[in-house]
Amino acid sequence: MILISEHASTSKAVQDRLHRPLRDLRISVTDRCNFRCVYCMPREIFGPGYAFLPRKDLLTLEEIARIAQVFAALGMRKVRITGGEPLIRRNLEHLIEMIDATEGVQDISLTTNGSMLTADRAVSLKQAGLKRLTISLDALDDATFKSINDVDYPASRVLDGIDNARAAGFSDIKVNAVVRRGLNEHAVLDLAKHFRHSGCIVRFIEYMDVGETNGWNLDDVIPAADLVDRIDALYPLEAVSPNYPGEVAKRWRYRDGAGEIGFITSVTQSFCGECSRARLSAVGELYTCLFGTQGHDLRSLLRSGADDAQLLQAVSGIWQKREDRYSELRATATKVPVTGQAKVEMSHIGG
Ligand code: SF4
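Residues numbered from 1 in each chain as written. Predicted model: local features only at pLDDT ≥ 70, side-chain atom pairs only at ≥ 80, totals over all residues. Heavy atoms only, no water.

### A short note on the side chain of Arg 121
Spelled out, the test is: Each helix corresponds to a stretch of at least 4 residues labelled H or I by DSSP, and each strand to a stretch of at least 2 residues labelled E; elements are numbered beginning at the N terminus. Each residue gets one of three labels from its accessible area relative to the maximum for its type: buried under 20%, exposed over 50%, partly exposed in between, using a 1.4 Å probe on protein chains only. When checking whether two residues touch, look at their non-hydrogen atoms; a contact exists if any pair is within 4.5 Å.
Along the chain, the position of Arg 121 falls in helix 3 (residues 119-128). A relative accessible area of 16% means that Arg 121 is categorised as buried. Excluding its chain neighbours within four sequence positions, the residues that come into contact with Arg 121 are Leu 87, Arg 89, Leu 92, Glu 93 and Met 116.

Right under this line is the structure:
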């Protein structure tokens, strides 16, 4: 079924108050994860007693696919599937097939910690229609990596997952590493070196104050510019222009042709001006910013029998009122913008 809207058939997506088009939808399919990364799901908070979202409250795969159709009708073209750890969600391939069959969707990617990326799983994801993979790996040495994931998981097994992805036919795989001072900055050069000439693109992410549980402090942030200098001193780099407006990572490449590397600079070089990303939680809340404090409940609309026109109107209305630019405000303000409301957790809406 094709939803008709003025945006579906034209390249003009619905725009927010800052004239940013709705181009990307990040879908969290679960808030659960098998890792306890200290900057995202610290064990002291997300321990044995933590109440994860009950299964009955989760959107069904069909409900998620329907919401993706609505977004596509409003001009959305790229879907990223996240979590928690999305590969935990059963029948995920069925969801990917439905999204892949959605009119207007041009790209489907997935972010994973790689721990469940067996050879068979990589093949089934590819066959379902998944186009791109991003795999998180914050260090190559086990001592550091295990101190971050906090579940004693070895880096070598994530590297196996990356090999499985390549063998299944995924190309330009992205490898994301969050860099926190005193935790893994010593691992940066090893990661850069390891993935040179590999075809994978390592992206170093500035440590962010997402949610309220990671004890974020500006002093723990290593500016991407410092990391560029450190890597450039060893492997000369040159800046590369973005692939498209609103691209999240700042692109660099090795002058000796060893490939590309990226930096996600939310803290020191905000990129809110071109942010075209909406986020959907696993229970159907629409967030218009990673640092949002309030989601818009789409699940009640869905389950109260709203038709497509009503859903289109609701989503379009939410986006058109959007004026989020948290990172920009954080960068310009002397202190972090305080709303008095708790920011949503990364594991609840994905990165
Ligand atoms: S802080 Fe919010 S508005 Fe800015 S780039 Fe991130 S998600 Fe977009």
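### Comments concerning the packing of helix 1 (residues 61-73) against helix 9 (residues 308-320)
Two packed helices can be described by the angle between their axes and the distance between those axes. To keep things clear, this is the line we draw: Axis definition: a line fitted to C-alpha atoms, over the contacting stretch in the case of helices. Angles run 0 to 180 degrees between N-to-C directions. Two helices cross in a left-handed way if the nearer one is turned anticlockwise from the farther one by less than a right angle. They cross in a right-handed way if the turn is clockwise. Residues are sorted three ways: Asp, Glu, Lys and Arg are charged, Ala, Val, Leu, Ile, Met, Phe, Trp, Tyr, Cys and Pro are nonpolar, and all the rest, Gly among them, are polar.
Contact pair helix 1 / helix 9: the axes reach a minimum separation of 10 Å and the direction vectors enclose 65 degrees. Helix 1 and helix 9 meet at a crossing whose hand is right-handed. Contacts from Arg 66, Val 70, Phe 71 and Ala 73 of helix 1 reach helix 9 at Asp 308, Leu 311, Leu 312 and Val 315. Residue composition of the contact of helix 1 with helix 9, by class: 6 nonpolar, no polar and 2 charged.

### What to know about the packing of aromatic side chains
For any pair of aromatic rings, the description rests on two quantities: the centre-to-centre distance and the angle between the ring planes. As a reminder, the rule being used: Ring pairs shown here join Phe, Tyr and Trp side chains whose ring centres sit within 6.5 Å, with only the six-membered ring taken for Trp; geometry is labelled stacked below 30 degrees between planes, edge-to-face above 60, and tilted in between.
For the structure shown, the criterion picks out 7 aromatic pairs. Look at Phe 35 and Tyr 153: their rings are 5.1 Å apart centre to centre, the planes differ by 50 degrees, and that puts the pair in the tilted class. With a gap of 118 residues between them, Phe 35 in the loop between strand 1 (24-28) and helix 1 and Tyr 153 in the loop between helix 4 (142-149) and helix 5 (155-167) connect regions that are remote in the sequence. Accessibility assignment for this pair places Phe 35 and Tyr 153 in one class, buried.

### Here we look at the state of the cysteines
To be explicit about the condition: Disulfide: a pair of cysteine sulfur atoms within 2.5 Å of each other.
Under the counting rule described, the total for this entry stands at 0 disulfides. As a non-bridged cysteine, Cys 200 has Cys 37 as the owner of its nearest cysteine sulfur, 19 Å distant. Accessibility expressed as a relative area gives 4% for Cys 200, which makes it buried.

### Regarding the site of the ligand
Operational definition: The near set for a molecule or strand comprises every residue that places at least one heavy atom within 4 Å of it.
Taken together, the neighbourhood of the ligand is formed by 13 residues, with Cys 272, Cys 275, Cys 289, Leu 290 and Ser 327 sitting nearest. Looking at the shell around the ligand, the elements with two or more residues in it are strand 10 (277-280) and helix 10 (326-332).

### Considering the nonpolar core
Worth spelling out the cut-off: Here, the term nonpolar core denotes a set of buried Ala, Val, Leu, Ile, Met, Phe, Trp, Tyr and Cys residues that are joined through side-chain atoms within 4.5 Å.
Phe 71, Phe 204 and Ile 231 are the most contacted members of the largest nonpolar core, which totals 108 residues. Sort the elements by how many residues they give to this core and helix 1 lands first, with 9 residues. When near neighbours in sequence (up to four residues on either side) are disregarded, Ile 231 contacts Val 188, Leu 189, Ala 192, Phe 204, Leu 237, Tyr 254, Ile 261 and Phe 263.

### Concerning the pairing of strand 8 (residues 250-254)
Short version of the rule: Here, a strand pair is defined by DSSP locating no fewer than two bridges between the strands.
Relative to strand 8, strand 7 (residues 237-240) runs antiparallel, the two being bridged by 4 bridges. The residue of strand 8 that forms the bridge with Ala 239 is Trp 252. Bridge count for strand 8 against strand 9 (residues 260-264) is 4 bridges, and the pairing is antiparallel. In the strand pairing of strand 9, Lys 250 is matched with Phe 263. The antiparallel hairpin formed by strand 8 and strand 9 contains 5 residues in its connecting segment, where Gly 257 sits at a positive phi of about 85 degrees.

### A word on the sheet that holds strand 11 (residues 285-287)
Strand order across the open sheet formed by 12 strands is 7-8-9-6-5-4-3-2-1-10-11-12, with mixed pairing between neighbours. Each having just a single partner strand, strand 7 and strand 12 (296-297) make up the two edges of the open sheet. Helix 5 contacts strand 4 (132-136) and strand 5 (174-179) of the sheet and is inclined by roughly 170 degrees relative to strand 4.

### Looking at helix 1
The test is simple: Expected helix span is taken as 1.5 Å per residue step, with the number of steps being one fewer than the number of residues.
Between the first and last C-alpha of helix 1 there are 19 Å, a value that for 13 residues agrees with the 18 Å anticipated at 1.5 Å per step. Within helix 1 the residues assigned to the buried category are Leu 61, Glu 63, Ile 64, Ala 65, Ile 67, Ala 68, Gln 69, Val 70, Phe 71, Ala 72 and Ala 73. Where the residues of helix 1 are buried, they touch strand 1, helix 2 (92-100), strand 10, strand 11, helix 8 (299-303) and helix 9. Among the residues trailing helix 1, Gly 75 stands out with phi positive, at a value near 110 degrees.

### Notes on unusual backbone geometry
Cis geometry is adopted by the peptide bond preceding Gly 84, which originates at Gly 83 and carries an omega value of 0 degrees. A positive phi angle is found at His 19, which is not glycine, with a value near 60 degrees. In this structure, His 19 sits in the segment before strand 1. A relative accessible area of 62% means that His 19 is categorised as exposed.

That's the geometry; what it means functionally is another story.
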